[in-house]
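Geometric and topological summary
Chain by chain, the residues:
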Amino acid sequence: MRAGSILISGASIAGPSLAYWLNAAGWRTTVVERAGRLRAEGQNIDVRGAAREVLRRMGIEDEVLAANTGERGTRFVDEKGRVRAAFPASGNETGGATAEVEILRGELSRIVAGLTEGQTEYVFGDSITALREDGDGVLVTFAEGPERRFDVVALAEGMRSRTRGMIFGDEPQIRFLGMYTSYFTIPREAGDVDWWQWFGAVGGRNVGLRPDNTGTIRATLSFLSGPRGYEDLGVDEQKQVLRRVFRDAGWQAPRVLAAMEDVPIYFESIGQVRAPSWHRGRVALLGDAAYCASPISGMGTSLALVGAYILGGELTRADSPEEAFASYERIMRPYVDQAQKLPPGAPRLANPKSRLGLKVFHAAAALASTRVAGSVAAKLFTPPADRIALPDYGSHFPRS
């Protein structure tokens, strides 16, 4: 397929990654992003397995490693802060609750987008309002800018992508996993440590504190719940929900709730995107918009990086967009299916509702952290990040 023009909607990680690979093949790449700038916000994410190889092929593995958050591992603590089980950071490219590569989402986005500087056109503060395909390409209408035509379009948006519905309707289904979570940044205190501290409270609640490399702490508040539509509330209302749910949780919950008052938060329902198809005509889905596996999987960023690499490669070697999209889905679908197979009982197993359940969970975690049961723990904390054979597109990416 000749090098053409592509519009990519979404400037997080998958979108700029796809732009990078297509730039290397001589494509004209444009990224549109609803936010007014490249978003520097975000919590800890990890890169595992095949995605590490993608970083190497992009030439940024060392830069990403240098931006590591410094997290030394994961600790499960009780209401008095006593460590009930500890799992040091992984020493390999795939396993561990704390991966070898832990980086802030905004940092990885900055690094990847930096590779496209001077080659990719970025349009911030705008979004797609209509897509109309004909034999020569896709005519795109924007909320702010003028209509433009592109050869193909890739939607690298989030799990609740609005643009996806313009082409796919209600076909992709979001599978709610029975949990809500919130992320925000709070001041670091003298007693904080360079470990991910996980505290489970009765009622299926957990409080998480994670270190970063900017001198602050990344906090999470998560709780089991049936669907309540909390993700659609305003920020003030979401904070009210969190205050109500965590007011008696214990441990560091009072500190986290107090710090939450003065900072922006990200609040979401945990779910997965199950789409029977990731492409239609000249439009393809990428990343969370296509196959969100949920934060529980530990695979979101890895799927984004691997998916962008494969979609870019297939676009450069296929004879048509439809052929490229079909090949991309054929190669990626088994990888995604494995990523979306969560550990049995997740997320309820790790978030017991009763005191007895918490005691059992702590005992099981303590056993898993020992050398005797280390192989069991390794399997539990090892997502299928390396279970794909990455194609070699070297001849199709001459400038990479």
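The following refers to the structure shown. What you see is a predicted model; the values in this text were computed from it and never measured.

How each quantity is defined
Residues numbered from 1 in each chain as written. Predicted model: local features only at pLDDT ≥ 70, side-chain atom pairs only at ≥ 80, totals over all residues. Heavy atoms only, no water. Helix = DSSP H or I, 4+ residues; strand = E, 2+ residues; numbered from the N terminus. Rg over C-alpha atoms; globule rule 2.2 N^0.38 Å. Buried < 20%, exposed > 50% of the residue type's maximum accessible area, 1.4 Å probe, protein only. Contact = heavy atoms within 4.5 Å. Lys, Arg positive; Asp, Glu negative; His and termini not counted. Charge placed at Lys NZ, Arg CZ, Asp CG, Glu CD. Phe/Tyr/Trp six-rings, centres within 6.5 Å; stacked < 30°, edge-to-face > 60°. Lys NZ or Arg CZ within 6 Å of the ring centre and 35° of its normal. Core = buried A, V, L, I, M, F, W, Y, C linked by side-chain atoms within 4.5 Å. Axes fitted to C-alpha atoms, helices over the stretch in contact; angles between N-to-C directions. Parallel < 35°, antiparallel > 145°, perpendicular 65-115°, else oblique. Left-handed = near helix turned anticlockwise from the far one by under 90°. Pairing = 2+ DSSP bridges. Polar contact = N/O pair within 3.5 Å; in protein donor to acceptor, adjacent residues only side chain to side chain. Nonpolar A, V, L, I, M, F, W, Y, C, P; charged D, E, K, R; others polar.

To continue, consider the overall build of the protein. In terms of helices and strands, the protein carries 12 helices and 18 strands. In terms of overall dimensions, the protein is globule-like: its C-alpha atoms have a radius of gyration of 21 Å, near the 21 Å expected for 400 residues. A principal-axis box enclosing the C-alpha atoms of the protein has dimensions of 65 × 45 × 35 Å. By residue count, 56% of the 400 residues in the protein fall in the buried class. A separation of at least 24 residues holds for 74% of the contacts in the protein among residues at least 6 apart in sequence. Of the charged side chains in the protein, 48 are positive and 47 negative; the average position of the first set lies 7 Å away from that of the second.

Enumeration according to the criterion identifies 22 aromatic pairs in this entry. When the centroid spacing of 5.6 Å and the interplanar angle of 40 degrees are considered together, the rings of Phe199 and Trp251 count as tilted. Note that Phe199 is positioned in strand 13 (residues 196–201) and Trp251 in the loop between helix 6 (235–246) and helix 7 (253–260), a separation of 52 residues in sequence. With respect to burial, Phe199 and Trp251 carry one shared label: buried. Joined through ring pairs, the aromatic side chains of Phe176, Tyr180, Phe223, Tyr230, Phe246 and Phe267 make up one cluster. Directly above the aromatic system of Trp195 lies the positively charged group of Arg75, at a separation of 4.3 Å from the ring centroid.

Let us now look at the nonpolar core. The biggest cluster of nonpolar side chains holds 80 residues, and the ones touching the most others in it are Val306 and Met332. It is helix 9 (residues 300–317) that provides the largest number of residues to this core, a total of 9 residues. Core analysis: the second largest hydrophobic core is formed by 27 residues, Tyr180, Leu221, Leu242 and Phe246 among them.

Our focus in this paragraph is the environment of Ala97. With respect to the helices, strands and loops of the structure, Ala97 is situated in the loop between strand 5 (83–88) and strand 6 (102–104). The class of Ala97 is buried, set by a relative accessible area of 16%. Considering only alpha carbons, one finds Ala97 and Val64, 33 residues apart in sequence, at a separation of 19 Å.

Looking now at the packing of helix 1 (residues 14–24) against helix 2 (residues 50–58). Two quantities define a packed helix pair, namely the angle between the helix axes and the distance between the axes. At a closest axis distance of 12 Å, the pairing of helix 1 and helix 2 adopts a crossing angle of 45 degrees. If you check the angle between helix 1 and helix 2, you find them oblique. The crossing of helix 1 and helix 2 is left-handed. Residues Ser17, Tyr20 and Trp21 of helix 1 touch helix 2, and the partners they reach there are Val54, Arg57 and Met58.

It is worth spelling out the sheet that holds strand 8 (residues 128–134) at this point. Taken in spatial order, the 3 strands of this open sheet run 8-9-10, and their pairing is antiparallel. With partners counted over all chains shown, the strands left at the sheet margins are strand 8 and strand 10 (148–150), one partner each. Averaged over all neighbouring strand pairs, the angle between strand axes comes to 25 degrees, with direction disregarded. Relative to strand 9 (residues 137–142), strand 8 runs antiparallel, the two being bridged by 6 bridges. Considered in strand 9, the bridge of Leu131 is made with Val140.

Attention shifts here to the side chain of Ser269. Looking at the secondary structure, you find Ser269 in strand 16 (residues 266–274). With a relative accessible area of 3%, Ser269 lands in the buried category. In this structure the side chain of Ser269 is engaged in a polar contact, spanning 2.3 Å, whose partner is the side chain of Arg160. Once residues within four sequence positions are removed from consideration, Ser269 is found in contact with Met159, Arg160, Phe176, Met179, Tyr180 and Glu231.

The next thing to look at is unusual backbone geometry. Looking along the chain, the bond that leaves Ala346 and enters Pro347 is cis, with omega of 0 degrees. Considering the arrangement of structural elements, one finds Pro347 in the loop between helix 10 (321–339) and helix 11 (355–368). With phi around 50 degrees, Trp251 is a residue other than glycine that occupies positive phi space. Taking the relative accessible area as the measure of exposure, Trp251 reaches 17% and is therefore buried.

Among the 6 residues of strand 13, 6 are classified as buried, and the element is accordingly described as predominantly covered. Taking every second residue as pointing to the same face, both faces of strand 13 are buried, with Trp196, Trp198 and Gly200 on one and Gln197, Phe199 and Ala201 on the other. Here 4 bridges tie strand 4 (residues 73–77) to strand 13, and the two strands are oriented parallel to one another. Counterpart to Phe76 in the pairing with strand 13 is Trp198.

With mixed pairing, 7 strands are arranged side by side in an open sheet as 5-4-13-14-15-12-16. With partners counted over all chains shown, the strands left at the sheet margins are strand 5 and strand 16, one partner each. The mean inter-strand angle of the sheet, taken between neighbouring strand axes irrespective of direction, is 20 degrees. With respect to the sheet, helix 6 is in contact with strand 12 (173–187), strand 14 (205–211), strand 15 (216–224) and strand 16, its orientation differing from that of strand 15 by roughly 75 degrees.

So, about the packing of helix 9 against helix 10. Between helix 9 and helix 10, the shortest axis-to-axis distance is 8 Å and the interhelical angle comes to 160 degrees. The pairing of helix 9 with helix 10 is recorded here as roughly antiparallel in orientation. When the axes of helix 9 and helix 10 are compared, the crossing they make is right-handed. Packed against helix 9, whose contacting residues are Ser302, Leu303, Val306, Gly307, Ile310, Leu311, Glu314, Leu315 and Arg317, the element helix 10 presents Ala324, Phe325, Ser327, Tyr328, Ile331, Met332, Tyr335, Val336 and Ala339 at the interface. Looking at side-chain class alone, the contact of helix 9 with helix 10 contains 13 nonpolar, 3 polar and 2 charged residues.

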